[in-house]
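Structural overview for review
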Amino acid sequence: MITRTARLDFPQANLKMLVSTEIEATFRVNACAKEPWTVDWIKNMPLGSVLYDVGACVGSYTLIAAQLGHNVVAIEPSFANHARLCENVITNDLGHKVIALCLALGNTAGPAVMQQEMLPGYSGGSKRMLTQQLPLAMIVQTFGLPPPTHLKIDVDGAEMAVLQGAGPLPVQSIMLEVSTRNAALTGPVLTAGGFKLEAVFDERKG
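As for the overall build of the chain
Scanning the chain from N- to C-terminus turns up eight helices and ten strands. Taken against the 2.2 N^0.38 rule, which gives 17 Å for 206 residues, the C-alpha radius of gyration of the chain at 16 Å falls within 12% of a compact globule. By its C-alpha atoms, the chain is 45 × 40 × 40 Å across when sized along the principal axes. Here the chain, with 206 residues, has 48% of them falling under the buried criterion. When contacts within the chain are restricted to residue pairs at least 6 apart in sequence, those whose partners lie at least 24 apart make up 58%. As presented, the chain carries roughly 10,200 Å² of accessible surface, and 57% of it is formed by carbon and sulfur atoms. Within the chain, one finds 15 positive and 17 negative side-chain charges whose respective centroids are separated by 1 Å.

Notes on unusual backbone geometry
In this structure, D93 takes a positive phi of about 55° despite not being glycine. As for its placement among the helices and strands, D93 is situated in the loop between α5 (79-91) and β5 (98-101). Since its relative accessible area comes to 63%, D93 is described here as exposed.

Considering the packing of helix α3 (residues 36-43) against helix α4 (residues 60-67)
Orientation of α3 relative to α4, taken along the N-to-C sense of each, is 25°, at an axis distance of 10 Å. Relative to α4, the element α3 lies roughly parallel. For the pair α3 and α4, the crossing hand works out as right-handed. Counting all contacts with α3, which are made through T38, V39 and I42, the residues of α4 involved are Y61, I64 and A65.

Description of the sheet that holds β5
Each strand in a sheet pairs with its neighbour through backbone hydrogen bonds, running either in the same direction (parallel) or in the opposite one (antiparallel). Taking strand neighbours across the sheet as the criterion, the five strands line up as β5-β4-β3-β9-β10 in an open arrangement whose pairing is parallel. Looking at which strands have only one partner, the edges of the open sheet turn out to be β5 and β10 (173-176). Each strand axis lies, on average, 10° off the axis of its neighbour in the sheet, ignoring direction. Sheet topology places strand β9 (residues 150-153) next to β10; four bridges connect them, and they run parallel. For H150, the partnering residue across the bridge sits in β10 and is S173. Strands β3 (50-54), β4 (71-75), β5 and β9 of the sheet are contacted by α4, whose axis makes an angle of about 165° with β4. Packed onto the sheet, α5 meets β4 and β5 and runs at close to 165° relative to β5.

Things to note about the layout of surface pockets
In this model, the second largest pocket occupies a volume close to 770 Å³. Residue assignment for the lining of the second largest pocket shows that the elements contributing at least two residues are α2 (31-34), α4, β6 (104-105) and β7 (110-116). With four residues, β7 is the largest single contributor of residues to the lining of the second largest pocket. Taken together, the residues that form the lining of the second largest pocket break down as 19 nonpolar, twelve polar and ten charged.

Each value, and the rule that gives it
- Residues numbered from 1 in each chain as written.
- Predicted model: local features only at pLDDT ≥ 70, side-chain atom pairs only at ≥ 80, totals over all residues.
- Heavy atoms only, no water.
- Helix = DSSP H or I, 4+ residues; strand = E, 2+ residues; numbered from the N terminus.
- Rg over C-alpha atoms; globule rule 2.2 N^0.38 Å.
- Buried < 20%, exposed > 50% of the residue type's maximum accessible area, 1.4 Å probe, protein only.
- Contact = heavy atoms within 4.5 Å.
- Areas by Shrake-Rupley, 256 points an atom, 1.4 Å probe, with all protein chains shown as cover.
- Lys, Arg positive; Asp, Glu negative; His and termini not counted.
- Charge placed at Lys NZ, Arg CZ, Asp CG, Glu CD.
- Axes fitted to C-alpha atoms, helices over the stretch in contact; angles between N-to-C directions.
- Parallel < 35°, antiparallel > 145°, perpendicular 65-115°, else oblique.
- Left-handed = near helix turned anticlockwise from the far one by under 90°.
- Pairing = 2+ DSSP bridges.
- 1 Å grid on protein atoms, 1.4 Å probe; cavity = no way out; pocket = protein on both sides within 12 Å on 5 of 7 lines; lining within 4 Å.
- Points joined across faces, edges and corners; volume = space filled by probe spheres on them.
- Nonpolar A, V, L, I, M, F, W, Y, C, P; charged D, E, K, R; others polar.

Here it is in structure tokens:
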């Protein structure tokens, strides 16, 4: 497997990413074109915000947030993605701004079965592997982490469990990717937490 370096399509900074799979070359280094609304949201955060990038994959948005001066807790359960995430953070000398955790978030604590691929860049996969699952509120308390001011959640259908495990945290805004089956369920959870819907983006058209 050949690994090369590519530039992330973020025009404000020269951010480099390691690439060894087609999905990394096609989607991960073109994250700004793929989700421009996510990039705008990150750029509008107050300086020094604490972003929790839940489902960080190989770290495209983590790198952008860290480069803009924010502190990031990047959470990724796939061992291949987590390893590449760490490599990308180190490649860009952003290790002082990012804490990278290899675990899953949910509404309970304990082992959870994750679908994974052996190569970086993928979401989900065909291989089954146990990983540790913890509620978001628990990892903040247990690990002594700074609480999030902003949450980005991209967990391919597990968003309800992540929200249920978040607890009372000082979150100012949430960027949430919602699967079709959970679309009608997440609204009441967010409303109960004091949030209101500001905008909706359809990635299929983006």
